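# A look at the structure
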Amino acid sequence: MWTSKKDFEDIRYETCDDGAIAKITINRPEVRNAFRPKTVKELLVALDLAHEDPQVGVIILTGEGDKAFCSGGDQKVRGHAGYVGEDGIPRLNILDVQKKLRGIPKPVVAMVAGYAIGGGHVLHIVCDLTIAAENARFGQTGPKVGSFDGGLGASYLARIVGQKKAREIWYLCRQYDAQQALEMGLVNTVVPNDQLETETLQWCREMLAHSPLALRCLKASLNADCDGQMGLLDLAGNATLLYYMSEEAKEGKNAFVEKRQPDFSKFPRVP
Ligand code: 1HA
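Residues numbered from 1 in each chain as written. Predicted model: local features only at pLDDT ≥ 70, side-chain atom pairs only at ≥ 80, totals over all residues. Heavy atoms only, no water.

To keep it simple, the criterion reads: UniProt positions are given in the numbering used here, feature names are shortened, and annotations may be inferred rather than shown by experiment.
Looking at an unreviewed UniProt entry, one finds the chain named 1,4-dihydroxy-2-naphthoyl-CoA synthase and attributed to Persicirhabdus sediminis. Turning to the chain, the UniProt record has this under Catalytic activity (unreviewed entry): "2-succinylbenzoyl-CoA + H(+) = 1,4-dihydroxy-2-naphthoyl-CoA + H2O".

Structure follows, in structure tokens:
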């Protein structure tokens, strides 16, 4: 059912439904799908592919196997100032993936079996929706392993579960099962493990039946509430996109190209 669209080392990038659904799978099950700099670079390439491909309407982010969605940064390659890749340079480049997941103008669904922990937990937080298997377990570990994500991992988490719960999650570093996650609004639904992909695809197909521009504008609108001027940038970008498609905007461009004065008189000033 899935067709591989590009070969990677640490991830898989596949599509189904005639290319309408893209699935990005972190493929490092031996370390509970922890990410290293190479994984992150590949995730950015795959997200760009899904972004640029006009066939793709919805993106699934998941982890290989049923033990983990993602266990965060690979602690075995953590160096002095971040996670160290083949070039020897320490990086915290997963933050670029967080930005991309949030900014990409298509819904992203986290499909979570097993652990979504630490930086892996933040990845599901920034996805638009989360479908959890019954064995999913959620939590932050930062204060235990000498890290913290004070960006979206803190502030956006608090928007989802509230300030008290977000502080509990970060200060105590407990793990929460799928049912507890559902109760605190951290996930959208919980399904038996063997139905995880079927249910996720069902949610994707329901979204694919709807207006892509409406979904795109809604994502930008919901982001803008939290994202300040960068959120307004995306929201306003969509307004410009829609305006470019109008006869009124085309009159301005055509007049310039034809070296004449624009005539906007035929366009109504609607109340
Ligand atoms: O906070 C940030 C950032 C903040 C700002 C900017 C950028 C950031 C980037 C990253 C992060 C972080 O992600 S910090 C948090 C890092 N992650 C963790 O602290 C989770 C560590 N792992 C665990 O707590 C557990 O492994 C587990 C709950 C996910 C699974 O437990 P389980 O099922 O008992 O398996 P376990 O035996 O622990 O692990 C299986 C194998 O996977 C082990 O390897 P082995 O001993 O067989 O050689 C284990 O070492 C490895 N593994 C698991 N997680 C990681 C890992 N290896 C490296 N890094 C991991 N994160």
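On we go from here.
## Quick word on the site of the ligand
Selection rule: A cutoff of 4 Å decides nearness: a residue is near a molecule or strand if any of its heavy atoms lies inside that distance of it. Here a polar contact is recorded for every N or O atom pair within 3.5 Å, except that within protein the pair must consist of a potential hydrogen donor and a potential acceptor, and residues adjacent in sequence are included only if both atoms are side-chain atoms. A 1.4 Å probe and the Shrake-Rupley method give the accessible areas. Residues count as covered only by the protein chains that appear here. Only DSSP runs of H or I covering at least 4 residues are called helices, and only runs of E covering at least 2 are called strands; the numbering of each starts at the N terminus.
Taken together, 25 residues surround the ligand, and among them Ser71, Gly73, Gly119, Thr141 and Ser147 come closest. Between the ligand and Gly73, the relevant distance is 2.7 Å, taken from an oxygen atom to a main-chain nitrogen or oxygen of the residue. Interatomic distance of 2.9 Å between a side-chain N/O atom of Lys76 and an oxygen atom of the ligand. Isolated, the ligand exposes 1,100 Å² of accessible area, and the fraction of that covered by the protein chains is 68%. For the shell around the ligand, the elements supplying multiple residues, two or more each, are α2 (94–103) and β9 (115–117).

## Regarding the UniProt feature "site: Important for catalysis" (unreviewed entry) in the chain
What counts is decided by this rule: Residue burial is assigned from relative accessible area. The probe radius is 1.4 Å, only protein chains are included, and a residue is buried under 20% of its type maximum, exposed over 50%, and partly exposed in between. Throughout, a contact is declared for two residues whenever any of their heavy atoms are within 4.5 Å.
Taking the numbering used here, the UniProt-annotated feature "site: Important for catalysis" (unreviewed entry) corresponds to Tyr83 and Tyr244. Annotated residues spanning 162 residues; largest pairwise C-alpha distance 42.5 Å, indicating distribution over more than one region. Mapping Tyr83 onto the fold places it in strand β6 (residues 83–84). In this structure Tyr83 comes out as buried when scored by relative accessible area, which is 12%. When near neighbours in sequence (up to four residues on either side) are disregarded, Tyr83 contacts Pro37, Gly73, Asp74, Gln75, Val77, Arg78, Ile89, Pro90, Arg91 and Leu92. Of the polar contacts made by the side chain of Tyr83, one reaches the side chain of Gln75; its length is 3.0 Å. Within the fold, Tyr244 resides in helix α9 (residues 212–244).

## Considerations on the sheet that holds strand β5 (residues 68–70)
What counts, and what does not: Paired strands, as defined in this entry, are two strands with at least two bridges between them according to DSSP.
Strands sit in the order β5-β9-β11-β12 across an open sheet of 4 strands; the sheet is mixed. In this open sheet, the two strands that pair with only one neighbour each are β5 and β12 (176–177). Pairing of β5 with β9 involves 2 bridges; the strand directions are parallel. Bridge assignment links Ala68 to a residue of β9, and that residue is Tyr115.

## Considering helix α5 (residues 152–161)
Buried residues of α5: Gly153, Tyr156, Leu157, Ala158 and Val161, and no others. On its buried side, α5 packs onto α2, α3 (119–126), α6 (163–172) and α9. Phi for Gly162, located one or two positions after α5, is positive at around 95°.

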